[in-house]
Amino acid sequence: MIKKEGSSIQNNFGFNLKKIRTSKGLSLRAMARNCEIDDSNISKIENGKFDVQLTTIIELAKGLDIHPKDLLDF
């Protein structure tokens, strides 16, 4: 089975998101309170099951109180 390149990027993005969130000591719900994204969708993003748009990256960064480019540094 050939793995799509996009899914690898989604997985890497999700892993980096979770790493940053947990390093800040934030639960999914705490992060969700800081941005316009539901905790269940944040979980899907962290698990690489959600295709992320630019507006979503900006909201996630807002929820983590970081610059959006930090989410893409993986």
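So, how was this worked out
Residues numbered from 1 in each chain as written. Predicted model: local features only at pLDDT ≥ 70, side-chain atom pairs only at ≥ 80, totals over all residues. Heavy atoms only, no water. Helix = DSSP H or I, 4+ residues; strand = E, 2+ residues; numbered from the N terminus. Rg over C-alpha atoms; globule rule 2.2 N^0.38 Å. Buried < 20%, exposed > 50% of the residue type's maximum accessible area, 1.4 Å probe, protein only. Contact = heavy atoms within 4.5 Å. Lys, Arg positive; Asp, Glu negative; His and termini not counted. Charge placed at Lys NZ, Arg CZ, Asp CG, Glu CD. Phe/Tyr/Trp six-rings, centres within 6.5 Å; stacked < 30°, edge-to-face > 60°.

In the annotation of an unreviewed UniProt entry, the chain is listed under the name HTH cro/C1-type domain-containing protein and assigned to Pedobacter kyungheensis.

S.K.: Even after reading the chapter, I still don't get the overall build of the chain, so can you show me in this structure?
M.R.: Assigned secondary structure in the chain consists of five helices and zero strands. For 74 residues, the compact-globule formula gives about 11 Å, and the C-alpha radius of gyration of the chain, at 12 Å, lands near that figure. Once the C-alpha set of the chain is aligned to its principal axes, its extents read approximately 40 × 25 × 20 Å. Every one of the 74 residues in the chain was classed for burial, and the buried ones make up 34%. Residue pairs at least 24 apart in sequence account for 59% of intrachain contacts in the chain once pairs closer than 6 positions are excluded. For the chain, the separation between the mean place of its 12 positive charges and that of its 10 negative charges on side chains is 6 Å.

S.K.: In this structure, what is going on with the packing of aromatic side chains? I would like to understand it.
M.R.: The geometry of an aromatic ring pair is captured by the separation of the ring centres together with the interplanar angle, meaning the angle of the planes. With the rule as written, the count across this model stands at one aromatic pair. Here phenylalanine 13 and phenylalanine 74 contribute two aromatic rings whose centre-to-centre distance is 6.5 Å and whose plane-to-plane angle is 80°, an arrangement assigned as edge-to-face. Taken together, the residues phenylalanine 13 in helix α1 (residues 5-23) and phenylalanine 74 in the segment after α5 (68-71) connect sequence positions 61 residues apart. Judged by relative accessible area, which is 45%, phenylalanine 74 ranks as partly exposed.

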